[in-house]
Amino acid sequence: MIKIIKEVKVYAPEYLGIKDVVLVGNKICSIGDNLEVTQNNAVAVDIIHGKGKILTPGFIDNHVHIIGGGGEGGFRTRTPEIKLTDITTAGITTVVGCLGTDGITRNMMSLLAKARSLEEDGITTFIYSGSYRIPVTTITGDVSKDLIAIDKVIGVGEIAISDHRSSQPTIDELKKLAADARVSGILSGKAGIVNIHVGDGDSMIDVLTEIVENTEIPYTQFIPTHMNRNARLFEAAIKYAKSGGFIDFTTSSDPVFWEEGEVKVSKGLKKCYEAGVSENNITLSSDGQGSLPMFNENKEFAGLQVGKVSSLFEEIRDAVIDENLPLEKVLKTVTSNPATLLKLNGKGRIKEGYDADVVLLNEKDLTIHTVIAKGQIVVENKEIKVFGTFE
Ligand SMILES: CC(C)C[C@H](NC(=O)C[C@H](N)C(=O)O)C(=O)O
Ligand SMILES: [Zn+2]
Ligand SMILES: [Zn+2]
């Protein structure tokens, strides 16, 4: 199947102008002016009119509890697994699955099976080995073997620090884990990234700064997430990023969290850019299907909400519409930045030879019009075209 998207405004994420984009099979084949693909009797040609539309890379969500998470309020608060169409209708074509607080009843084999299920349904998936705690829960029994032997494993996470729910890891445990992830990443051509869950604790990301400053492990080994969860941590995030670190903001939220000091991502992006943080050092992730628990001052459970992958693009949209930030800048946070940091080859850019993961937005209201994953139209003109097996 050949698709040609005619006269569309292309954000690759940098703005390329009004172009024709040709997709052949699951690859981006060409980007140019006045391209022609003649109808023929061998291969179907699907012409998509791009006037009034914006074409972007498919969004990458680097932190999704694809088999569900939660449980912080007991068994009845375990959150549900994700559905394929939750992901595709959000414009997301690549997800990285993870475990969270509960790495005991939730396990790596289920995480891998769900990632494979979503891949069979048409999107691209990867996973982190592990959960909040160290020692890390793995598939093979060894973090390095997971990274080297299992294609979908690209790193470890979400490893919790500065949180009453963490395993209270020592700096040595974190150093060794990052070292193992780094070396096995190098040996397998992967990022070996360490996705760090940062809680509300006072020590924030001090341990990461100490590791980077006192060992040969670089900033690129870590992606600390939830860095917008409170105002103090947000300020530390800016400082860390300006020293060369990479920071990830969680888009799932609720107005009640904003009242309690969490920084709304669209506003946080504006503050980061104003503070001189490089647009290349910020990623967004949704924490979709993860729990958003609330604890009172005695650290007692006080209710929870469920993260939504749809929040990922909603914050991008708010950043452009409400904060007047340039689309080509904020779009990097869910396309080329995670693709680069997590070494997701062929992802996150509109470039010849890259995967045919594409989103078409309505230019007038920046809503999602069409989503193409690995060359297959999964959403067309807001209508779902591909459902998960049991949807
Ligand atoms: C950033 C805040 C609001 C949410 C954050 N979510 C997780 O870490 C995932 C969750 N614990 C799970 O295992 O499902 C949190 O709990 O601190
Ligand atoms: Zn977390
Ligand atoms: Zn999470």
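Quantities reported herein were computed from a predicted structural model and do not represent experimental measurements.

(A) Fine view of the pattern of salt bridges. In this structure the tally under the stated criterion is 24 salt bridges. One salt bridge connects K114 with E81, and the closest N-O pair in it is separated by 2.8 Å. With K114 in helix α2 (residues 108-121) and E81 in the loop between β6 (59-64) and α1 (84-88), this pair connects stretches of sequence that are 33 residues apart. Under the relative-accessibility criterion, E81 is labelled partly exposed at 45%. D163 is the partner of R165 in a salt bridge, and the nearest nitrogen-oxygen pair spans 2.8 Å. This pair shows no difference in class: R165 is buried, exactly as D163 is. Ionic contacts of the salt-bridge type, sharing partners, join the residues K27, K347, D355 and D357 into one network.

(B) Structural context of the sheet that holds strand β9 (residues 153-161). Strand order in the open sheet made by the 6 strands is β6-β7-β8-β9-β10-β11, with parallel pairing throughout. Both outer strands of the open sheet, β6 and β11 (222-225), are each paired with one neighbouring strand and no more. On average, each strand axis in the sheet is inclined to that of its neighbour by 25°, with strand direction left out of account. Pairing between strand β10 (residues 193-198) and β11: 4 bridges, direction parallel. Opposite I196, over in β11, you have P224 as the bridge partner. Each of β9, β10 and β11 is contacted by helix α4 (residues 171-188), which is oriented at about 170° to β9, the strand it contacts most.

(C) The arrangement of the pairing of strand β13 (residues 282-285) in detail. Residues I282 and L284 point to one face of β13 and T283 and S285 to the other, with burial holding for every one of them. Two strands pair when backbone bridges link them, and strand β12 (residues 247-250) and β13 are joined in this way by 4 bridges, in the parallel orientation. Paired with F249 across the two strands is L284, which belongs to β13.

(D) Structural detail: the UniProt feature "domain: Amidohydrolase-related" (unreviewed entry) in the chain. Sequence positions flagged by UniProt for "domain: Amidohydrolase-related" (unreviewed entry) are, in local numbering, residues 54-378. Between the end C-alpha atoms of residues 54-378 there is a gap of 17 Å, over a span that is 31% helix and 23% strand.

(E) Spotlight on the packing of α4 against helix α5 (residues 206-214). It is the contact of α4 with α5, at a shortest axis distance of 10 Å, that shows an interaxial angle of 60°. Classified by the angle between their axes, α4 and α5 sit oblique to one another. As for how α4 packs across α5, the hand of that crossing is right-handed. Taking contact as the criterion, the partners of I171, L174 and K175 in α4 are, on α5, V207, E210 and I211. For the contact of α4 with α5, the per-class residue count stands at 4 nonpolar, no polar and 2 charged.

The rules behind each value
Residues numbered from 1 in each chain as written. Chains lettered and ligands numbered in written order. Predicted model: local features only at pLDDT ≥ 70, side-chain atom pairs only at ≥ 80, totals over all residues. Heavy atoms only, no water. Salt bridge = Lys/Arg side-chain N within 4 Å of Asp/Glu carboxyl O. Helix = DSSP H or I, 4+ residues; strand = E, 2+ residues; numbered from the N terminus. Buried < 20%, exposed > 50% of the residue type's maximum accessible area, 1.4 Å probe, protein only. Pairing = 2+ DSSP bridges. Axes fitted to C-alpha atoms, helices over the stretch in contact; angles between N-to-C directions. Contact = heavy atoms within 4.5 Å. UniProt positions renumbered as here; feature names shortened; annotations may be inferred. Parallel < 35°, antiparallel > 145°, perpendicular 65-115°, else oblique. Left-handed = near helix turned anticlockwise from the far one by under 90°. Nonpolar A, V, L, I, M, F, W, Y, C, P; charged D, E, K, R; others polar.

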